[in-house]
Amino acid sequence: MPLLQVSHLTKSFADKPTLADVSFEVEAGEIVCLLGPSGCGKTTLLRIIAGLETADSGTVRFEGHDLQSIPVHQRHFGLMFQDFALFPHKNVWDNVIFGLRMQHLPDGQIQQLGHAALDMVGLSGFAQRNVHQLSGGERQRVALARSLAPQPKLLMLDEPLGALDRQLREELMIELRRILKAARLTSIYVTHDQAEAFAVADRVAVLNAGRIEQLDTPAAVYAQPASEFVARFLGMPNLIGGTVLSCAAQVAVVNTPIGLLHVTTDRSLQPDQLVTLLIRSDAATIEPEPFAAGEGFAETPQANRWHGILLAVSFRGRTQRAVIRWNDLDFEFEVDALAALPALGQAVQVSFPADAIHVI
């Protein structure tokens with residue numbers, strides 16, 4: 001049986017729905033990330049599980065028990081927030097053991113749990129440091145140690161890296177997953193940053209307008225987004241509608257506004273079925289147009305070739321993002337940062353295999 005079971009939760013504020021029939025489960029030791037834009041309901045969902053908010057309907061069960069009648073302080077859950085909420089007048093040690101003292105534990109047990117938590121986050125020599133002497137990353141580790149020290153049954157983290165700069169977040173997100181796994185903690189992690197979610201989580205729940213659009217492993221969510229919203233939220237802009245003409249041997253021919261596309265798919269698609277296609281931006285080859293500019297895509301099952309105009313190029317560090325225009329439709333593709341591209345305004349040929357297109 002799953003450790004945590006969330007079933008059909010709904011919540012509204014001032015008659016505005018915030019959560020709409022949300023259900024999911026979390027296994028023991030699993031890290032599940034709630035990913036989505038601001039206002040999608042992820043923090044409200046976290047607060048309901050913690051007991052800080054009350055759902056309008058639905059249930060939250062932990063270890064098989066309904067949590068509705070269990071007060072917050074008796075749930076033995078840990079919480080960590082974006083602002084860390086450290087006590088500036090206390091040193092590192094007093095911050096870490098604050099929750100332990102509130103539980104009136106014996107001094108020996110407090111010492112043992114406090115030092116174990118500091119060791120786990122790599123701050124064993126920082127016990128007597130003042131909080132204001134610490135870097136942002138060190139303060140984040142202190143906040144995490146304070147959450148770990150009471151050995152919570154469930155740890156909930158709400159944008160825990162949100163107050164840090166990009167470089168520090170990159171360094172800490174992988175370390176944070178290592179710490180959570182080493183502690184064997186079941187965790188729910190809230191963020192709006194897809195890179196953070198993919199690096200930390202075992203499974204990702206993508207929320208939109210109070211509903212879970214997709215819940216799967218990071219690799220599956222990235223490879224096979226379940227909806228247009230998920231694709232666009234993950235930064236995949238190349239979406240286009242079409243009508244299936246035929247489907248055989250796991251290759252579908254789809255008629256779209258930009259011509260015929262050959263698509264690799266394991267779905268059973270029927271002629272005249274309406275579909276939405278995602279053209280992956282990282283699987284294209286862009287070359288100067290070798291012949292007179294044609295129109296649309298070539299009808300070959302091995303590759304789709306498209307002739308357009310190179311409209312814009314932006315440097316992204318390891319990659320370049322190229323915007324290719326066909327008539328009034330723009331598509332974005334990523335190529336290697338060192339790849340030589342034609343001059344802006346020139347005709348180009350874009351080619352990509354059939355398995356670079358995903359049927360949503």
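Each remark here, short or long, concerns the structure printed above.
So, here is what we can say about the structure in this document. Numbering of residues begins from 1 in every chain and follows the order in which that chain's sequence is written. Residues qualify for local features only when their pLDDT is at least 70, as the model is predicted, and side-chain atom pairs are given and counted only at 80 or more; totals for whole chains, interfaces and linings, by contrast, use all residues. Heavy atoms from the whole structure form the basis of all side-chain values; hydrogens and water molecules are not counted.

**Here's the deal with the packing of aromatic side chains**
Turning to step 1, where the next piece is worked out: Two rings belonging to Phe, Tyr or Trp (six-membered ring only in the last case) form a pair when the distance between their centres is within 6.5 Å. Interplanar angles under 30 degrees mark stacking, angles over 60 mark edge-to-face geometry, and anything in between is tilted. Scanning the model with the defined rule gives 7 aromatic pairs in all.
Turning to step 2, where the next piece is worked out: With centroids separated by 6.5 Å and ring planes inclined at 85 degrees, the aromatic side chains of F198 and Y222 adopt a geometry described as edge-to-face. Taken together, the residues F198 in helix α7 (residues 194–200) and Y222 in helix α8 (residues 218–223) connect sequence positions 24 residues apart.
Turning to step 3, where the next piece is worked out: A simple rule labels every residue: compare its accessible area, found with a 1.4 Å probe on the protein chains alone, to the largest value its type can have, and call it buried under 20%, exposed over 50%, or partly exposed in between. Look at F198 and you get partly exposed, because its relative accessible area is 21%. Helical segments are the DSSP runs of H or I of at least four residues, strand segments are the runs of E of at least two, and each set is numbered from the N terminus.

**Section: the nonpolar core**
Turning to step 1, where the next piece is worked out: We call a set of buried residues a nonpolar core when its members are Ala, Val, Leu, Ile, Met, Phe, Trp, Tyr or Cys and they connect through side-chain atoms within 4.5 Å of each other. Residues V96, L118 and L144 are the most contacted members of the largest nonpolar core, which totals 51 residues.
Turning to step 2, where the next piece is worked out: Counting residues per element, this core draws most heavily on helix α6 (residues 166–182), at 6 residues.
Turning to step 3, where the next piece is worked out: Any two residues whose heavy atoms approach within 4.5 Å at even a single point are treated as in contact. Apart from the residues lying within four places of it in its own chain, the contact partners of L118 are V92, W93, V96, L123, S124, A127 and A145.
Turning to step 4, where the next piece is worked out: Of all hydrophobic cores here, the second largest spans 27 residues; its members include L277, I286, I357 and V359.

**Overview of unusual backbone geometry**
Turning to step 1, where the next piece is worked out: The phi angle at H104 is positive, at roughly 55 degrees, despite the residue not being glycine.
Turning to step 2, where the next piece is worked out: With respect to the helices and strands, H104 occurs in the loop between α3 (98–102) and α4 (107–120).
Turning to step 3, where the next piece is worked out: Under the relative-accessibility criterion, H104 is labelled exposed at 70%.
Turning to step 4, where the next piece is worked out: In the Ramachandran plot, R184 falls in the positive-phi region, its phi being about 55 degrees despite a non-glycine side chain.
Turning to step 5, where the next piece is worked out: With respect to the helices and strands, the residue R184 is situated in the loop between α6 and β8 (187–191).

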